[in-house]
Structures are given as C-alpha cells and as structure tokens.
Amino acid sequence: MTSIPAVSAQQQMLAETSAAKAGLPQREASLAEKLLTGTVTGMVSALSEGRVSATALTQAALQRIDDHDGLYNSFTEVTTVRALAEAADIDRRRAGGETLPPLAGVPYAVKNLFDVAGLVTLAGSRINRDLPPASEDALLVRAMQAQGAVLLGALNMDEYAYGFTTENSHYGPARNPHDPSRSAGGSSGGCGTAVAAGMVPLTLGSDTNGSVRVPSSMCGIFGLKPTYGALSLQGMFPFVHSLDHAGIFARSSHDLALSYALLHRASHDQTRSRVDSGTLSTDISRLRIAMAGGHFTQGNPEANAAVQRIATALGTQQMVELPQAARARSAAYLITASEGAQQHLQRLRTRAADFDPMTRPRLLAGSMMPAAWYIGAQRFRRWFQSEVAKLFQDVDIILAPSTPCSAQKIGQDSMTINGVEMPTRPNIGMFTQPISFIGLPVVSVPVQQAGGMPIGVQIIAPPWREDMALRVAAYLESSAVVAAPVVTRVEAAC
Amino acid sequence: MPLTPTDHDTLHALAALNDITLADADMPLLALHFGLLGQHAANVLSFPLHEELDAAPEFRP
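Everything in this summary refers to the structure shown in the same document. Just so it is clear, the model here is predicted, and its values are computed rather than measured. (Residues numbered from 1 in each chain as written. Chains lettered and ligands numbered in written order. Predicted model: local features only at pLDDT ≥ 70, side-chain atom pairs only at ≥ 80, totals over all residues. Heavy atoms only, no water.)

**Comments concerning the pattern of salt bridges**
All names here are of chain A. A complete count under the given rule lists 18 salt bridges over all chains for this structure. Two residues, Arg82 and Glu86, come together in a salt bridge whose shortest N-O distance is 2.9 Å. Taken as a pair, Arg82 and Glu86 lie in helix H5 (residues 80-95) at a separation of four residues, close to a single helical turn. There is no split in this pair, since Arg82 and Glu86 are both buried. Measuring nitrogen to oxygen at the nearest pair gives 2.9 Å for the salt bridge that ties Asp413 to Arg425. In this pair, Asp413 sits in the loop between strand E13 (397-401) and strand E14 (414-417) while Arg425 sits in helix H15 (residues 424-427), placing the two residues 12 residues apart along the sequence. By relative accessible area, Asp413 is classed as exposed at 52%. (Salt bridge = Lys/Arg side-chain N within 4 Å of Asp/Glu carboxyl O. Helix = DSSP H or I, 4+ residues; strand = E, 2+ residues; numbered from the N terminus. Buried < 20%, exposed > 50% of the residue type's maximum accessible area, 1.4 Å probe, protein only.)

**Focus on a nonpolar patch on the surface**
Residue and element names in this part refer to chain B. Together, Leu29, Leu32 and Leu36 give the surface a local cluster of nonpolar side chains, amounting to about 240 Å² of exposed area. Structurally, Leu36 is set in helix H2 (residues 27-45). With a relative accessible area of 32%, Leu36 lands in the partly exposed category. (Patch = residues over 30% accessible without salt bridge, like charges linked within 9 Å, V, L, I, M, F, W, Y side chains within 5 Å. Areas by Shrake-Rupley, 256 points an atom, 1.4 Å probe, with all protein chains shown as cover.)

**Topic: the packing of helix H6 (residues 139-146) of chain A against helix H9 (residues 253-267) of chain A**
Residues and elements named next belong to chain A. Relative to each other, H6 and H9 sit at 120°, their axes nearing to 10 Å. In terms of axis orientation, H6 runs oblique to H9. In the packing of H6 onto H9, the handedness of the crossing is right-handed. Residue-level inspection shows Leu139, Leu140, Ala143 and Met144 of H6 in contact with H9, the latter providing Leu263, Ala266 and Ser267. Broken down by class, the residue content of the contact of H6 with H9 amounts to six nonpolar, one polar and no charged. (Axes fitted to C-alpha atoms, helices over the stretch in contact; angles between N-to-C directions. Parallel < 35°, antiparallel > 145°, perpendicular 65-115°, else oblique. Left-handed = near helix turned anticlockwise from the far one by under 90°. Contact = heavy atoms within 4.5 Å. Nonpolar A, V, L, I, M, F, W, Y, C, P; charged D, E, K, R; others polar.)

**Focus on unusual backbone geometry**
All names here are of chain A. The peptide bond linking Gly186 to Ser187 adopts the cis configuration, its omega dihedral lying at 5°. Its location among the elements puts Ser187 in the loop between strand E7 (179-183) and helix H7 (189-196). Here Asn418, not a glycine, exhibits a phi torsion of approximately 55°, which is positive. Relative to the helices and strands, Asn418 resides in the loop between E14 and strand E15 (420-423). Unlike most non-glycine residues, Trp464 shows phi in positive territory, near 65°. Inspection of the secondary structure assignment puts Trp464 in the loop between strand E17 (455-460) and helix H17 (466-478).

**Some thoughts on the environment of Val240(A)**
All names here are of chain A. Positionally, Val240 belongs in the loop between strand E9 (222-225) and strand E10 (245-250). Taking the C-alpha atoms as reference points, Val240 and Pro404, separated by 164 residues in sequence, lie 23 Å from one another. If near-sequence neighbours (up to four positions away) are discounted, Val240 is found in contact with Thr208, Ile335, Thr336, Glu339 and Gly340.

**Describing the interface of chain B and chain A**
Quite often, the size of an interface is put as the accessible area lost when its parts meet. If you look at the interface, chain B gives 35 residues, while chain A gives 41 residues. In this assembly, chain B packs against chain A so that about 3400 Å² is buried in total across both faces, 70% of it on carbon and sulfur atoms. Summed over the shared surface of chain B and chain A, the number is one salt bridge. Ionic pairing is found between Asp26(B) and Arg360(A), a salt bridge with its closest N-O pair at 3.0 Å. (Buried area = accessible area lost by both parts, 1.4 Å probe.)

**Looking at the pairing of E15(A)**
Residues and elements named next belong to chain A. Across four bridges, the pairing between E14 and E15 is antiparallel. Each residue of the ladder has a partner; that of Ser414, found in E15, is Pro423. The hairpin formed by E14 and E15 contains two residues between the paired strands, and Asn418 there has a positive phi angle of roughly 55°. (Pairing = 2+ DSSP bridges.)

Here it is in structure tokens:
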C-alpha cells in the first residue's frame, strides 16, 4: 500500500520542467545526472565553477526520483515547486556575481517528522494527516536553506519513529536499493534509501535508539548521529525527549562533516564542535582505538567480521568492555516506552485505532509502566554514563557493529542472531541502543560485502568529539575499506 | 522479577488510570509487550546501584 500525495501534480510539474529541461544543453544535463550520483563535495565544486547549474542538478534529482522511487518508496512528498524555485534563486544569485553559501544548489531531503512550511508533518502517521500544514520550516531545514541547499521533499519513516524497519502500514515500506525485497532499516528508512539510490546526496533524519545508524547499515551508506544536543530539534516531531537526536546521511564522510559543521553552528550560539568544515584529516596515528567486546560480539558472523575488518585496517586488536551494556539496552527500552507513551497519551485516548497496529500495543504498554521502572532506568543511565566515561580515559574510539545482521526481508517477523531465534523488529537496535542511551557521537561506516548486503560499523567517540569519529571514517574511506557507491536499480519479487 | 498482568480486567484497569479504553483485539500483543517491559525492568532494577545516587533524572552528555 503506497500513497504518494499529489502524484499527478508532481508529474504535471515534471512534464513542464522537462520541457524547460529540453532547453538545457545536453552536456549540462548529462553532467548533472553524473554529479548527482557522486558526493556533495563534487557537486559543490562543479556548481561553483559554473559547469552545472542548480536547476540542472535539481532537474536530474527530480527525474531520478521519478524513475526509481515508485519501487523504493522513500519519498512521501516531493517538493517540486519549492525545489525548482530554490534552484532558480541560486542560479540567479550566482549569475549576479553573488558569493554563495557552501551548500548552494545541493539537493537534499528530510525525514517527514521535520516541519516543512506548507506541508503537514506526518511523522509517518495517519493521525497527523489531520493537522494543519507547518507554518514554518524546522530550524535545521531553515539552516539548510540558508546554506543554499535545495529541498527535494519529505521521506518515509516508521510511524512516530517507533521502529527499526520502516514497514509503515499507512505509506508502505521503504525498500532497500541493494535488494528491494529487503528492509531499508528504520526509523529513517526513506533517508537511507534516497541516499543509497542516488536520488539525493544528503538527507536529515533522527536517531532515538538507532534510527540513523540502522538505515545507514542496511543501505550501505554513512550516517552521523552526533552528541545528544548537538543539533537543534526545534520543529522536529518528538518521540523520546531524553533520547532524541537529529542526524545526517551521506555517501561520504566529508559530506557528513561539511553538513554537520554548518548545522551545528546554526543550532547553537556557541559551538562545542571541533568539526568546522568538510575537510577532514586522515591522520589517525595518535588515536587509541579498541573494539567493544561482550554484548557487542553477540551479532551474526557478518557483523563481527565487519568490525574485525575495520579494526585490522586501523591497526588494532585491542578490546574494551562497556560494563552492563545489555542492561543499558533494557534501560533505554524502558525510557523509550514511558516517554514515547506520554507523548501520545491524548492520541491513545481518542485515536487508538488509527495507529499502526505494530506501534499501538507498544505505546499502550508503555503508558502502563510504573514510575519506579522509569526512574530506575534514568538512575542506571547516570551510572552507565559515568562508567563509559572512564573507558574514554584509555581509548579515543570504540568500534562496534551498527546492526547484528544485514537487512532482513520485509515482513520477516523473526530472525536468527548468533544461533538464537528472536523477533526481528525489537532486536535490530541491540547494538545502537546502549550508545545513544548516553548520547555518544557515532559515525556508522558502510562495509560492502562482496555478493551480499552491506552492513555498518559504529565509530564511537567521547561526547563532542565527532571530529575524531569523522577522521577515522575519512581514513577508512581514503583507504577504500569503506565506501558508499550508488546502487543501481534492482527489480525484485516484492 | 516484576509480574506483569495478562488478564484483561487488570489491563483494562491500568489503561483506565490514563483514561484509555482498550480494544479486546489489542490484548494479546499488549500483554506480550507489557511482559517484555517487565523483563527489561527486572534486568535494570536488579542491578545494585549505590543509594546515594540522586534519584532525580538529570542527564548531560
């Protein structure tokens, strides 16, 4: 069941712009199509040198969405009019000799829990369809516009961000470009798919328990979940106030760094970040790096092998154990259940039947939790934070799998992890939850497996040291250990 | 380990504390998820934290 609003209007606009596109030199149109499947850095270079216009790049993105997204279902709304207007404005300003901001002309999209002026903020739900359109953009969307980026649309997600698979009963599943019969991960599944399939080079998502890192892993791209509080959540539909983060998806570590630096500055009067540009050193010689043991080795062999591959490339075999990581995961579960339920209490009273049938019982259960469970979880959180901080006295970077396995089939209710059969959906975040629980910054890097699905590895740093995690990611990327090539369309028996 | 109820009357009563009316069709999955939360609670609450830890939730990265 797929519903993409205003398809006919979008197609009409596309037809009109195709006529306009016919006026674009074929060489420029071809270059735009090629650049779109590259990096932001490459696009920025071509745009600033005048080899391609923002309009041509936007046209190419719209065409690619039209060609591929009927299968992948990553977009719930394509903002064609806004995108072409923003692109035309960039081209006009550039022609006038104006010095343009760093992301001028770069296409991007956002998870549909970010406010976009004139759009209803769906947050993956049917209930939110009844809300009025947002009166203004979320802060991060305003920031992207201020940096010259061009908004292509809003992206599919798990209802109210309560999921790891983007199997959305209202809008259909987001499909993995590597194998469309498989999940894109969640809850920011549309974000992962749109970047992996080369429709846009950048997307903004959210991560409460793994919703940036899981789709990054499943779709084989880079994802950044920064330190808790590093990016503004103003205008982002909330899920769990104690755990919500905004995050970024891209096909290169430098693209993550560039966009994060800009968005962090927009989020705070005084920056706490040491990432100030897209230029990343690849000198990791002084970084002390270790693999997380214990709980984090309980994934499938492919997850362990991916971490080992990264560790070998970084020249380390050191292990470190995060104490009580399984308990940390349980505590994150309790906080999520309780705060998530409180967020939706009024809707549970009046619109219970309109929730996704997989979301509703989880929210109801959370609404019944005794306070002692929640408070116990928050107290444990402070203990766990303190213990992990001690580890960072001896190491700078900790490696762990992003997911216990690669992408599972859409609709698959159970999976086997390390020889144990367990429900799929609640357990995909088993390695991400303990980390976001204490707000540590993480870059998920993609390990491509020959003949198989990709899988991600978490590069985990101390609070406010996104620079170290990004530097490690850049080193791995420059060494060709990790990569995020655009995936060409694969038909599947869906 | 916390004993989470599965009987419908108790689940209805708990939901009523929040002014929520449950549908009978939700009961099986609700009981399942409530049970899972109970298991997580047992996991967390069985860990001996020192009493001097401030019970008020406060978190900074």
